Amino acid sequence: MEELSKEYTAGVFNRKRFKVLDGVSFSVKPGETLGLVGESGSGKSTVARTMLGLIPPSSGRVLYQDQEVLSPKGRMKKEFCGKMQIIFQHPESALNPRMKICESLLEPMIIQKKDLTRKEMKSRRWELLQQVGLSEEHLNRYPHELSGGQIQRVVLARILSLSPQFLVADEPTSMLDVSVQAQVLRMLKQIQAENGIGLLFISHDIEVVNWMSDRIAVMYKGQIVESAPAEELCQNPFHPYSRLLVESFSSLKQYSAKRDWVENNYTGEAGGCHYYSHCPQAGPDCRQRPVLKETGAEHYIACWLT
Amino acid sequence: MALLSIRNLTTVFNCQEGMVKACNNVSLDINQGQTLGLIGETGCGKSVLGLSILKLLPVNAVSSGQIIYNNQDLLALSVKEMCQVRGSEIGFLPQSPATALNPVLRIGEQLTEGLQLHQGMVKEKARVIAMDMLKSLGLKDCDKRAADYPHQLSGGMKQRVVAAMSITGQPSLLIADEPTKGLDAVNRAQVIDLLRQLTIKTKASLLLITHDLKVAVALCDEIAVMYSGEIVEKGSADQVLNNPLHPYTQGLVASLPERGLFPIPGYSPSLLDDIPGCRFYSRCPIRNENCKHQPVINREVNGVHVRCLYVDQSGGTQQRIYGRGFQSEAV
Ligand SMILES: Nc1ncnc2c1ncn2[C@@H]1O[C@H](COP(=O)(O)OP(=O)(O)OP(=O)(O)O)[C@@H](O)[C@H]1O
Ligand SMILES: Nc1ncnc2c1ncn2[C@@H]1O[C@H](COP(=O)(O)OP(=O)(O)OP(=O)(O)O)[C@@H](O)[C@H]1O
Ligand SMILES: [Mg+2]
Ligand SMILES: [Mg+2]
């Protein structure tokens with residue numbers, strides 16, 4: 001297996017003149033999992049969609065095994081279509097509501113692998129259903145007749161049928177109960193290990209991300225503010241926002257949302273640190289934009305306090 | 001006197017393959033100002049239970065039993081009367097924000113629509129209230145956001161818009177189907193604060209459907225656990241989650257990330273099947289021949305209602321058996 005790397009630099013998604021992504025770069029090796037956490041609305045799904053050519057980046061590149069993935073127009077080149085896949089955040093909108101589940105499951109196989117016979121496809125479909133824990137009774141239903149978690153698993157089966165090499169999972173278990181979540185995550189991890197799939201795992205559940213990922217990157221307002229090996233980030237988050245995230249996750253019960261989320265009246269001058277207006281430790285330095293610096297073993301932080 | 005009491009509610013879907021029994025003989029009570037959490041496996045019928053209360057189910061569904069809200073049986077109400085109850089008396093926060101919003105209307109319009117309709121407010125006043133609500137949910141630049149269409153929002157933003165929509169009418173009962181799904185930890189804490197305030201300030205009751213056990217602990221007074229269409233355990237939040245009695249609840253708690261993500265082996269039975277005994281039988285670590293055939297009734301153990309034949313008073317011996325059985329099978 002060759003080195004799979006992904007680089008997405010200086011992607012500026014200019015819409016109504018605000019930047020949704022601001023120079024995001026990272027790389028994922030084969031078989032590696034990169035966890036992406038961050039504020040809701042910070043651009044995580046946008047990263048995922050741009051990488052797969054679903055929306056064109058304003059600038060920047062995506063590389064897959066050193067080859068450019070996106071065409072000049074920002075679409076994915078055809079040869080990569082089967083190799084890179086995404087599990088969308090809202091699975092209910094990823095299925096065609098007028099197609100029965102069985103048709104939805106066969107569709108990608110028909111499009112991508114024309115050499116399979118109908119019978120082979122059916123047996124493959126059966127295997128996939130088993131893998132994700134659905135039974136045959138669900139095949140004849142329409143998407144609105146399934147529960148949220150069941151749809152999530154249909155979507156997963158559908159994507160696995162394409163045997164992708166790189167997978168983006170945008171909150172794949174947000175609708176599942178903890179036991180099925182554990183099943184799905186274990187399944188995902190196993191399939192990933194077997195096939196050496198590179199995975200970008202987006203989630204809000206820090207414990208889950210920690211369990212799934214080798215590395216974790218924290219995003220805030222379109223920038224990666226901290227990135228470190230998973231254990232390290234959960235034990236020693238440095239950036240004030242990462243700290244807030246990790247702390248507020250672990251202590252929900254006593255936690256009041258207001259603490260640590262200061263409202264400085266300062267509204268982030270162009271070029272300043274994005275977190276300035278909420279940072280309890282903000283100083284004069286922070287009016288300059290910090291860049292990602294390596295501060296420890298593979299620990300990168302974008303903050304002037306380092 | 002309970003604000004809402006559900007008695008022997010059974011909801012059945014007529015499908016091609018047969019009858020899908022999504023709620024089976026469910027009985028629950030919610031008092032005024034109380035928060036009841038409903039947790040359970042995906043596909044066990046939690047959303048269907050919520051929708052049954054509001055009578056928002058598709059045409060192939062039949063509900064029987066009683067749903068008594070403020071001394072009237074909701075199942076007996078006409079469509080028009082039900083419209084009155086929905087929105088102004090019972091608020092609903094649907095599970096999928098992606099499909100709950102109208103894609104061709106700006107979110108500001110969708111938010112104020114309900115207020116104008118149910119409370120006869122003028123547009124300007126409705127707008128002020130709606131914006132306040134969005135702000136307290138932690139959405140930045142609300143005024144600008146109000147002019148956006150749903151596809152321009154991130155997943156978590158949509159979730160909060162839908163949340164705001166459901167509580168602007170100040171309902172006396174709110175049915176919230178996974179209100180914190182897709183939110184980061186900070187926003188999640190904000191939504192929890194808001195729901196807590198709502199229940200304290202307006203004395204509203206809350207039926208909280210969630211998969212997030214941390215949210216359930218933080219908000220709920222009582223928790224009901226559902227499995228395959230039935231309520232299998234019900235008691236105070238603290239007891240149910242910290243000292244679960246039913247083998248399913250124990251398995252659920254054991255599969256939390258901090259406990260190492262050990263799933264319950266096997267899959268839940270099809271809702272099409274009529275099972276005479278316990279529905280958890282095939283996956284249960286303490287099962288016994290009796291469980292297969294004997295109908296299981298609700299028993300009360302230390303104030304917790306639990307549907308299992310083999311729960312002893314302490315629940316202690318079981319836990320040990322359980323722990324061993326699961327860990328070895330799951331690894
Ligand atoms: N089509 C669009 N037009 C304008 N703005 C958009 C569009 N799509 C997304 N945005 C904006 O981009 C930002 C990032 O959205 P994105 O969906 O990537 O967030 P996210 O990090 O995935 O959040 P969440 O965790 O809530 O899903 C948001 O502020 C959103 O409003
Ligand atoms: N219109 C329908 N026709 C037939 N079966 C249906 C229909 N709607 C739902 N079901 C079935 O009813 C069961 C309960 O669905 P429900 O949506 O209540 O699950 P849930 O407990 O909310 O799960 P989740 O946590 O995944 O949202 C599911 O097995 C589903 O397949
Ligand atoms: Mg998203
Ligand atoms: Mg549901």
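Here the residue numbering is sequential within each chain, running from 1 through the sequence in written order. Whichever chain is written first becomes A and whichever ligand is written first becomes 1, with later ones labelled in order. The model is predicted, so local features are restricted to residues of pLDDT at least 70 and side-chain atom pairs to those at 80 or more, both for listing and for counting; the totals for chains, interfaces and linings are taken over all residues. Note that water and hydrogens are dropped before the side-chain values are worked out from all heavy atoms of the structure.

**Quick look at the overall build of chain A**
For clarity, the cut-off: Helix and strand labels come from DSSP, where a helix needs a run of H or I of at least four residues and a strand needs a run of E of at least two; each type is numbered from the N terminus. We call a residue buried when its accessible area falls under 20% of the maximum for its residue type, exposed when it is over 50%, and partly exposed in between, using a 1.4 Å probe and counting protein chains only. Residues are treated as being in contact if the distance between any of their heavy atoms lies within 4.5 Å. The Shrake-Rupley method, run with a 1.4 Å probe, gives the accessible areas here. Residue values count only the displayed protein chains as cover.
Check the secondary structure of chain A and you find 8 helices and 12 strands. Expressed as a percentage of its 306 residues, the buried residues of chain A come to 57%. In chain A, the proportion of contacts linking residues at least 24 apart, taken out of those at least 6 apart, comes to 60%. Per element, the accessible surface of chain A, about 13,500 Å² overall, is 49% carbon and sulfur.

**Quick word on the coordination of the magnesium ion (ligand 4)**
Residues and elements named next belong to chain B. Definition in use: In this analysis a donor is any N, O or S atom within 2.8 Å of a metal ion (3.2 Å for sodium, potassium and calcium), and since water is not included, sites may seem incomplete.
Looking at the magnesium ion (ligand 4), one finds its protein donor set to be Ser-47 (OG) and Gln-95 (OE1), positioned 1.9 to 2.2 Å from the metal centre. Placement of the pair is Ser-47 in helix α1 (residues 46–54) and Gln-95 in the loop between β6 (90–93) and α3 (97–100), with a sequence separation of 48 residues. For Ser-47, a relative accessible area of 23% gives the class partly exposed. On the accessibility criterion, Gln-95 (14% relative accessible area) is buried.

**A look at helix α11 (residues 247–254) of chain B**
Among the 8 residues of α11(B), 8 are classified as buried, and the element is accordingly described as predominantly covered. Listing the buried residues of α11(B) in full gives B:Pro247, B:Tyr248, B:Thr249, B:Gln250, B:Gly251, B:Leu252, B:Val253 and B:Ala254.

**Considering the domain arrangement of chain B**
Residue and element names in this part refer to chain B. Stated formally: For the purposes of this description, domain bounds are those given by an automatic or database domain assignment. Summed over both partners, the accessible area lost on bringing two parts together, with a 1.4 Å probe, is the buried area. Think of a polar contact as two N or O atoms within 3.5 Å of one another; within protein, one of them needs to be a possible hydrogen donor and the other a possible acceptor, and neighboring residues in sequence only count if both atoms come from side chains. In the scheme used here, Gly and all other residues not listed as nonpolar or charged are polar, with Ala, Val, Leu, Ile, Met, Phe, Trp, Tyr, Cys and Pro taken as nonpolar and Asp, Glu, Lys and Arg as charged.
Once the domains are mapped, chain B shows domain 1 (1–89 + 171–331) and domain 2 (100–167). Counting from both sides, the interface comprises 16 residues of domain 1 and, opposite them, 9 residues of domain 2. Taken together, the two surfaces of domain 1 and domain 2 that pack against each other cover about 1,000 Å², and 64% of this comes from carbon and sulfur. Counting the contacts that link domain 1 with domain 2 gives 2 residue pairs in polar contact (both at pLDDT 80 or more). Elements supplying a minimum of two residues to the side of domain 1 that touches domain 2: α2 (79–88) and α8 (185–201). Looking at the side of domain 1 that touches domain 2 element by element, the count peaks at 5 residues for α8. Looking at side-chain class alone, the side of domain 1 that touches domain 2 contains 8 nonpolar, 5 polar and 3 charged residues.

**Let's talk about the nonpolar core**
Stated precisely, the cut-off is as follows: Definition of nonpolar core: a set of buried residues of the types Ala, Val, Leu, Ile, Met, Phe, Trp, Tyr and Cys, connected through side-chain atoms within 4.5 Å.
Judged by nonpolar contacts, the single largest core of 60 residues is most densely connected at A:Leu156, A:Phe201 and A:Leu245. With sequence-adjacent residues up to four places away left out, A:Phe201 is seen in contact with A:Thr33, A:Leu34, A:Gly35, A:Leu36, A:Ala169, A:Pro172, A:Leu185, A:Leu188, A:Val208, A:Val209 and A:Met212. In this structure, A:Val178, B:Val162, B:Leu219 and B:Cys291 belong to the second largest nonpolar core, which totals 57 residues.

**Regarding the packing of helix α4 (residues 107–119) of chain B against helix α5 (residues 123–136) of chain B**
All names here are of chain B. How we decide: To define axes, lines are fitted to C-alpha atoms, for helices over the stretch in contact only, and angles between the resulting N-to-C directions are given on a 0 to 180 degree scale. Orientation is classified from the angle alone, with under 35 degrees giving roughly parallel, over 145 giving roughly antiparallel, 65 to 115 giving roughly perpendicular, and any other angle giving oblique. Whether a crossing is left-handed or right-handed is set by the direction in which the near helix is turned from the far one by less than a right angle, anticlockwise for left-handed and clockwise for right-handed.
α5 packs onto α4 with a crossing angle of 125° between their chain directions and a minimal axis gap of 9 Å. One finds that α4 runs oblique with respect to α5. Between α4 and α5 the crossing geometry is right-handed. Packed against α4, whose contacting residues are Leu-111, Thr-112, Leu-115 and Gln-116, the element α5 presents Lys-123, Ala-126, Arg-127, Ile-129, Ala-130 and Leu-134 at the interface.

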